[in-house]
Amino acid sequence: MCKKGKLVVLSGPSGVGKGTICQILLDKHPELRYSVSATTRAPRDGEEDGVNYYFMSRECFLGMVKDDGFLEWAELFGNCYGTPAFAVDSFIEDGKSVILEIDTQGALQVMQKRPECVSLFILPPSIEVLEQRIRGRATEKEEDIVLRLQRASAELELAAHYRYQVVNDDLQRSVTEIENIFRQEDILPAIV
Ligand code: ADP
Ligand code: 5GP
């Protein structure tokens, strides 16, 4: 029987660097899979449907909720975000580990439903640095930046619920720390 893949939950406040870290891990380790979430938010410049997110109407999203199509879902900043269950389960059955890059509400749902998941919380070196990163990304309007920063303080209090906590100070150092965790958890092969 084929060995099953692992379910990895990567979470942390908006702007902490989750997307950047995930992209580096996926580029370096093609055996890893990424769970493409569904969202009702509008695409940002350069974002592609089916690659960054499945962009959909609220009506369509709520239809999927009703049909039990999400492993987890949450409402954030006025939009819905959710993890389609089907793709995640087929990757795991196929022996591929899959990364869910999701918010804390969704992460807590997954940890409850799938206690075997490997959960990581990414922390900023400080709130000031988090603010610089969100502003530096220049993808949100001022009112959305304020919302994201307000939410960040509450989210940081949930870090202890995760199996691992990683401070994203230097990007390369954080990636190496996560790779070491992945080796320890048998998500990546050990270095021989
Ligand atoms: P998230 O996916 O958590 O919302 P992003 O990956 O979009 O965050 O990162 C937010 C911004 O911070 C981006 O402009 C990214 O280039 C930058 N960034 C990410 N990690 C670091 C780091 N370790 N040091 C400096 N800047 C970073
Ligand atoms: P953004 O709008 O910046 O792409 O994402 C906003 C927040 O939504 C981020 O914290 C991101 O991790 C979270 N998010 C993205 N996809 C999902 C998902 O499928 N479920 C949940 N619960 N959160 C998600």
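Predicted model only: the values in this text are computed from it and were never measured. (Residues numbered from 1 in each chain as written. Chains lettered and ligands numbered in written order. Predicted model: local features only at pLDDT ≥ 70, side-chain atom pairs only at ≥ 80, totals over all residues. Heavy atoms only, no water.)

### Here's the deal with the packing of helix α5 (residues 127–137) against helix α6 (residues 142–156)
Relative to each other, α5 and α6 sit at 150 degrees, their axes nearing to 11 Å. The two elements α5 and α6 cross, and the hand of that crossing is right-handed. In contact with Ile127, Leu130, Glu131, Ile134, Arg135 and Arg137 of α5, α6 contributes Glu142, Ile145, Arg148, Leu149, Ala152, Ser153 and Leu156. Residues belonging to the contact of α5 with α6 are distributed by class as follows: seven nonpolar, one polar and five charged. (Axes fitted to C-alpha atoms, helices over the stretch in contact; angles between N-to-C directions. Helix = DSSP H or I, 4+ residues; strand = E, 2+ residues; numbered from the N terminus. Left-handed = near helix turned anticlockwise from the far one by under 90°. Contact = heavy atoms within 4.5 Å. Nonpolar A, V, L, I, M, F, W, Y, C, P; charged D, E, K, R; others polar.)

### Let's talk about the sheet that holds strand β1 (residues 7–11)
Within the open sheet, the five strands sit side by side as β2-β7-β1-β8-β9. Their pairing is parallel. In the strand order of this sheet, the two ends are held by β2 (33–34) and β9 (164–167), each with one partner. Of the strands in this sheet, β1, β2, β7 (98–101) and β8 (118–123) are in contact with helix α1 (residues 18–28), which crosses β7 at around 165 degrees. (Pairing = 2+ DSSP bridges.)

### A closer look at the site of ligand 1
Around ligand 1 sit 15 residues, and of these Gly15, Gly19, Thr20, Arg137 and Asn168 come closest. With respect to ligand 1, the side chain of Thr20 contributes an N or O atom lying 2.5 Å from an oxygen atom. Leu171 is positioned with one of its backbone polar atoms (N or O) 3.3 Å from a nitrogen atom of ligand 1. For ligand 1, the protein covers 72% of the area, taking 580 Å² as the surface of the free molecule. Here the shell around ligand 1 is built from residues that sort into three nonpolar, six polar and six charged. (Near = heavy atom within 4 Å. Polar contact = N/O pair within 3.5 Å; in protein donor to acceptor, adjacent residues only side chain to side chain. Areas by Shrake-Rupley, 256 points an atom, 1.4 Å probe, with all protein chains shown as cover.)

### Some remarks on α1
Of the positions making up α1, those classed as buried are Lys18, Ile21, Cys22, Leu25 and Leu26. For α1, the buried positions fall inside an angular range of 130 degrees around the axis, keeping them on one side. (Buried < 20%, exposed > 50% of the residue type's maximum accessible area, 1.4 Å probe, protein only. Arc of directions from axis to C-beta.)

### What about the side chain of Ser11?
Along the polypeptide, Ser11 turns up in strand β1. With relative accessibility at 0%, the residue Ser11 sits in the buried group. A polar contact of 3.1 Å, which involves the side chain of Ser11, links it to the side chain of Tyr162.

### A look at the sheet that holds strand β6 (residues 79–84)
Read across the open sheet, the four strands follow the order β4-β3-β6-β5; overall the sheet is mixed. In the strand order of this sheet, the two ends are held by β4 (53–55) and β5 (70–76), each with one partner. Adjacent strand axes in the sheet meet at a mean angle of 25 degrees when their direction is disregarded. Sheet topology note: the strand β3 (residues 37–39)/β6 ladder contains two bridges and is antiparallel. Each bridged residue has a counterpart across the sheet, and for Thr39 the counterpart in β6 is Tyr81. Sheet strands in contact with helix α3 (residues 85–93) are β5 and β6, and its direction is about 30 degrees off that of β6.

### Side note on the site of ligand 2
The immediate surroundings of ligand 2 are formed by 16 residues, with Ser37, Arg41, Tyr53, Tyr81 and Asp103 found nearest. The side chain of Arg148 places a nitrogen or oxygen atom 2.9 Å from an oxygen atom of ligand 2. Across the complex, the protein chains shield 95% of the 510 Å² of accessible surface that ligand 2 would expose by itself. Taken together, the residues that form the shell around ligand 2 break down as five nonpolar, four polar and seven charged.

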